[in-house]
Amino acid sequence: MINSLQEKFSIPGLRFETTEGGLVKAVIDTPIAKAEIYLLGAHVAAYQPAGSKPILWMSAKSLFEESKPIRGGVPICFPWFGAHATDPKAPAHGSARTRIWDFLSAVLNPDNSMTVSMGTAIDGFSVVFTATVGEKLKMELTVSLPEDASESKSFEAALHTYLSVSDIHTVSIEGLESNDYIDKVGGTTPKTAEGKAIRFSAELDRVYQNTAATCILRDPGFNRSIVVEKQNSLSTVVWNPWIAKSARMPDFGDDEWKEMLCIESANVGGCAITLSPGQTHTMIAMVSATAL
Ligand code: TA6
């Protein structure tokens, strides 16, 4: 398969590799940034702008096996988020992240960024994921409901972005201070806005609704901020599993909770998207690093 991909999409800075587990990944290496994107789940597994530390976090215990989710990078949660509403046997966060997507296109842009796209069809939706790897990582999730669909259809989506941090105890997230949120630790409890930056001292799992805010992750240990901008997304999910939940996850190192957190650009729950036949929706997230 990679030979045909390499022939069809042979552009400078792009190659395809097959991993030990038999997965195919696109390896992007341009003068301005590096990235790895698996066909499994159209999953951005690594992103590192030139002159910067890696932006995305990946568990050392992640599986890289067909039909298994990858623990880190940017899982695409679609067409539902979290547990399925009615089917307890359905995979958490939907089926998009555990299927093989088709590689559709690759373009080296004049600024040396590279834009690649992958596609699949799920539950009657056509889905295209486009990533532009450059000074920023721009991710676009485009969902279409075909003209010939018999009725409108709703979906949830999240770009479940795992970010690499120096020490969870010293970082903070700005941008959501004025938002109420749903606390998902131990249930689903509505909570009022804290009025201050988010800091971590225990498991934290929050869904902020009706917010288009940019989030800024301040990381003094790495002397940087990571900025997560978004468009056409009204949910932001913030998560760190802390100690006990980390220990319960087989594909997550017991001590890895100290070095990561998730800021997820999403449309979930009351912010789910409903498409009429022929309609399309594109959610965009942009991740970049700046000075502290
Ligand atoms: O986005 C936060 C969350 O919903 C957490 O509750 C936690 O379950 C996390 O996603 C990881 O989910 P996963 O199915 O990838 O283990």
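Residues numbered from 1 in each chain as written. Predicted model: local features only at pLDDT ≥ 70, side-chain atom pairs only at ≥ 80, totals over all residues. Heavy atoms only, no water.

## What about the site of the ligand?
Threshold: Whether a residue is near a molecule or strand depends on its heavy atoms: it is near if one of them lies within 4 Å of it. Side-chain atoms alone can form a polar contact between residues adjacent in sequence; in general such a contact is a pair of N or O atoms within 3.5 Å, and within protein one must be able to donate a hydrogen while the other accepts it. The method behind every accessible area is Shrake-Rupley, applied with a 1.4 Å probe, and residues are considered shielded solely by the protein chains displayed. Put plainly, a pocket is an open set of points on a 1 Å grid over the protein atoms alone with protein on both sides within 12 Å along at least five of seven lines, a cavity is a set where a 1.4 Å probe fits but cannot get out, and a lining residue has an atom within 4 Å of a point. Each molecule is checked against the cavity or pocket grid, and it sits inside if more than half of its atoms lie within 2 Å of the grid points.
In the vicinity of the ligand, the contacting residues are Arg-71, Phe-81, Ala-92, His-93, Arg-97, His-160, Lys-184, Asp-205, Val-237, Trp-239, Lys-245 and Glu-264. Here an oxygen atom of the ligand and a side-chain polar atom of Lys-184 are 3.2 Å apart. Contact with the protein chains removes 84% of the 390 Å² of surface that the ligand exposes when unbound. Because more than half of its atoms lie within 2 Å of the grid, the ligand is assigned to the largest pocket.

## Details of the side chain of Thr-211
The line we're drawing: Secondary structure elements are taken from DSSP: a helix is a run of H or I of four residues or more, a strand is a run of E of two residues or more, and numbering for both begins at the N terminus. When accessible area is computed with a 1.4 Å probe and restricted to protein chains, residues below 20% of their type maximum are described as buried, those above 50% as exposed, and intermediate ones as partly exposed. Should any heavy atoms of two residues lie within 4.5 Å, those residues are considered in contact.
Structurally, Thr-211 is set in the loop between β16 (204-209) and β17 (215-219). Judged by its relative accessible area of 3%, Thr-211 falls in the buried class. The residues touching Thr-211, leaving out its near neighbours within four places in the chain, are Leu-176, Asn-179, Lys-230, Ser-233, Leu-234, Ser-235 and Thr-236.

## Some remarks on the layout of surface pockets
Put simply, the test is: Grid points are joined across faces, edges and corners, and a volume is the space filled by probe spheres set on the points. Side-chain classes follow a simple rule in which Ala, Val, Leu, Ile, Met, Phe, Trp, Tyr, Cys and Pro form the nonpolar group, Asp, Glu, Lys and Arg form the charged group, and the remainder, Gly included, forms the polar group.
Looking at the largest pocket, its volume works out to about 370 Å³. What lines the largest pocket is a set of 17 residues, among which Arg-71, Ala-92, His-93, Trp-239 and Lys-245 lie closest to the centre. When grouped by side-chain class, the residues that make up the lining of the largest pocket number eight nonpolar, three polar and six charged. Taken as a whole, the second largest pocket encloses approximately 160 Å³ of empty space. Considered class by class, the residues forming the lining of the second largest pocket number four nonpolar, four polar and two charged.

## Section: the side chain of Asn-179
Note that Asn-179 resides in the loop between β13 (172-174) and β14 (181-183). Taking the relative accessible area as the measure of exposure, Asn-179 reaches 14% and is therefore buried. A distance of 3.2 Å separates a polar atom in the side chain of Asn-179 from the backbone oxygen of Gln-209. Discounting residues that sit within four places of it in the chain, Asn-179 has contacts with Ala-193, Tyr-208, Gln-209, Asn-210 and Thr-211.

## Regarding the sheet that holds strand β3 (residues 33-38)
Heads up, the rule is: Two strands are said to pair when DSSP picks up at least two bridges between them. The axes used here are C-alpha line fits, helices contributing only the stretch in contact, and every angle between their N-to-C directions lies in the interval 0 to 180 degrees.
Spatially, β1-β2-β3-β4 is the arrangement adopted by the four strands of the open sheet, whose pairing is antiparallel. This sheet does not close on itself; its edge strands, each paired only once, are β1 (14-18) and β4 (43-49). If you compare each strand with its neighbour and ignore which way they point, the axes differ by 15° on average.

## Section: the environment of Pro-79
Along the chain, Pro-79 falls in the loop between β5 (76-77) and β6 (102-108). Pro-79 sits 84 residues away from Leu-163 along the chain, and the two C-alpha atoms are 23 Å apart. Setting aside residues no more than four positions away along its own chain, Pro-79 makes contact with Gly-94, Ser-95, Ile-122, Asp-123, Phe-155 and Glu-156.

## Description of the environment of Arg-218
Examined against the element boundaries, Arg-218 turns out to sit in strand β17. Residues Arg-218 and Asp-205 lie 13 residues apart in sequence; the distance between their C-alpha atoms is 19 Å. If sequence neighbours within four positions are ignored, Arg-218 has contacts with Val-171, Ser-172, Glu-174, Arg-224, Ser-225 and Leu-292. Here the side chain of Arg-218 touches Leu-292 through a polar contact of 3.0 Å, landing on its backbone oxygen.

## Focus on the sheet that holds strand β8 (residues 125-133)
Reading across the sheet, the eight strands line up as β6-β7-β8-β9-β22-β18-β17-β13 and stay open at both edges, with antiparallel pairing between neighbours. Only two strands of the sheet have a single partner each, and these edge strands are β6 and β13. Taken over all neighbouring pairs, the strand axes of this sheet differ in orientation by 15° on average, direction set aside. As defined by bridge partners, strand β18 (residues 224-231) adjoins strand β22 (residues 280-291) across eight bridges and the pair is classed as antiparallel. Within β22, the position partnered with Gln-231 by the bridge is Ile-284.

Geometric descriptors of this kind do not, in isolation, establish any biological role.
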